[in-house]
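Structural description and commentary
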Amino acid sequence: MTNSPGVRVAVPDVAWLAGPPVTAPAAQAAPAVSFCLDPDPAQVARGRAPTRAALAGWGLARHAWLAELVVSKLVSNAIVHGAGLVSVRLCSGSGCLRVAVHDGHPGRPVRRCPSAADEAGRGLELIDGLIGLYGGDRGTSGDNDGPGKTVHATVRLPDGPADDR
């Protein structure tokens, strides 16, 4: 299903999310949304709209800036260093946001130490900084049946008043 050029919204598949899922109260599953993007740098911006919509639908619109930032950085890495379609899955529960991004390349992400003159290479450093500030984790898992991988980041949603970002 396509909701805009290059963005395909998929039916959520809980098994797709690498690592332990973010849990919600036992009577209710954590809200989740999945979508696919073409491997084109212009798609990074297109991934922000379904991210914002998901957070708004979950009553977490004040955290959309954080979700968009994590999605943008992980999708950028998947497009630049990965292969094939990029699948994105967002899940929220227990005060955390989990973002998992899949691509078809086996190479694992490497956090770089860019110089002030470098124009790129700060994505994982930024995500790790958010994790250090708010709590959470980041990891990578390989596909069981192919060469691809899923990079995931879990960030605790900050408490406090709504952000005006």
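These numbers come from a predicted model, not from an experiment.

Looking now at the packing of helix 3 (residues 64-81) against helix 4 (residues 123-134). Between helix 3 and helix 4, the least distance of the axes is 9 Å, while the angle of their chain directions is 145°. In this structure, helix 3 crosses over helix 4, and the sense of that crossing is left-handed. Where helix 3 approaches helix 4, its residues Trp 65, Leu 66, Leu 69, Val 70, Lys 73, Leu 74 and Asn 77 are matched on the opposing element by Gly 123, Leu 124, Leu 126, Ile 127, Leu 130 and Tyr 134. In the contact of helix 3 with helix 4, the residues fall into 10 nonpolar, two polar and one charged.

A separate point is the confidence of the model for the chain. For residues with low pLDDT, the predicted coordinates do not support detailed interpretation. Averaged over all residues, the pLDDT of the chain is 78; the fraction at 70 or higher stands at 73%. Within the model, pLDDT remains below 50 along residues 1-27, and this stretch shows 61 contacts once partners closer than five positions in the same chain are excluded.

Another aspect to go through is the packing of aromatic side chains. What the rule picks out here adds up to one aromatic pair. The interplanar angle of 65° and the centroid separation of 6.5 Å between the aromatic rings of Trp 65 and Tyr 134 together place this pair among those described as edge-to-face. Highlighted residues: Trp 65 in helix 3 and Tyr 134 in helix 4, separated in sequence by 69 residues. Residue classification places Trp 65 among the buried positions, given a relative accessible area of 15%. For Tyr 134, a relative accessible area of 22% puts it in the partly exposed group.

In this model helix 4 runs 17 Å from its N-terminal to its C-terminal C-alpha over 12 residues, within 8% of the 16 Å that 1.5 Å per residue would give. Regarding helix 4, the residues found buried are Gly 123, Leu 124, Ile 127, Asp 128, Leu 130 and Ile 131. Each buried residue of helix 4 lies within a common arc of 155° when the element is viewed along its axis, so the set occupies one face. In this structure, helix 4 carries Gly 132 and Leu 133 as exposed residues pointing more than 90 degrees from its buried face. Of the surrounding elements, those touching the buried residues of helix 4 are helix 3, strand 6 (136-142) and strand 7 (149-156). Phi for Gly 135, located one or two positions after helix 4, is positive at around 100°.

This paragraph deals with the pairing of strand 6. Relative to strand 7, strand 6 runs antiparallel, the two being bridged by seven bridges. Note that in strand 7 the partner of Gly 142 across the bridge is Lys 149. As consecutive antiparallel partners, strand 6 and strand 7 are separated by six residues.

Now for the packing of helix 2 (residues 48-57) against helix 3. Axis angle and axis distance: for two packed helices, these are the angle between their axes and the distance between the axes, and together they describe the pair. For the pair helix 2 and helix 3, interaxial distance at closest approach is 9 Å and the crossing angle is 145°. Note that helix 2 runs across helix 3; the crossing there is right-handed. When helix 2 is examined against helix 3, the residues Arg 48, Thr 51, Arg 52 and Leu 55 are found in contact with a partner set consisting of Ala 64, Ala 67, Glu 68, Val 71 and Ser 72. For the contact of helix 2 with helix 3, a count of residues per class yields four nonpolar, two polar and three charged.

Definitions and limits used
- Residues numbered from 1 in each chain as written.
- Predicted model: local features only at pLDDT ≥ 70, side-chain atom pairs only at ≥ 80, totals over all residues.
- Heavy atoms only, no water.
- Axes fitted to C-alpha atoms, helices over the stretch in contact; angles between N-to-C directions.
- Helix = DSSP H or I, 4+ residues; strand = E, 2+ residues; numbered from the N terminus.
- Left-handed = near helix turned anticlockwise from the far one by under 90°.
- Contact = heavy atoms within 4.5 Å.
- Nonpolar A, V, L, I, M, F, W, Y, C, P; charged D, E, K, R; others polar.
- pLDDT = per-residue confidence, 0-100.
- Phe/Tyr/Trp six-rings, centres within 6.5 Å; stacked < 30°, edge-to-face > 60°.
- Buried < 20%, exposed > 50% of the residue type's maximum accessible area, 1.4 Å probe, protein only.
- Expected span 1.5 Å × (residues − 1).
- Arc of directions from axis to C-beta.
- Pairing = 2+ DSSP bridges.

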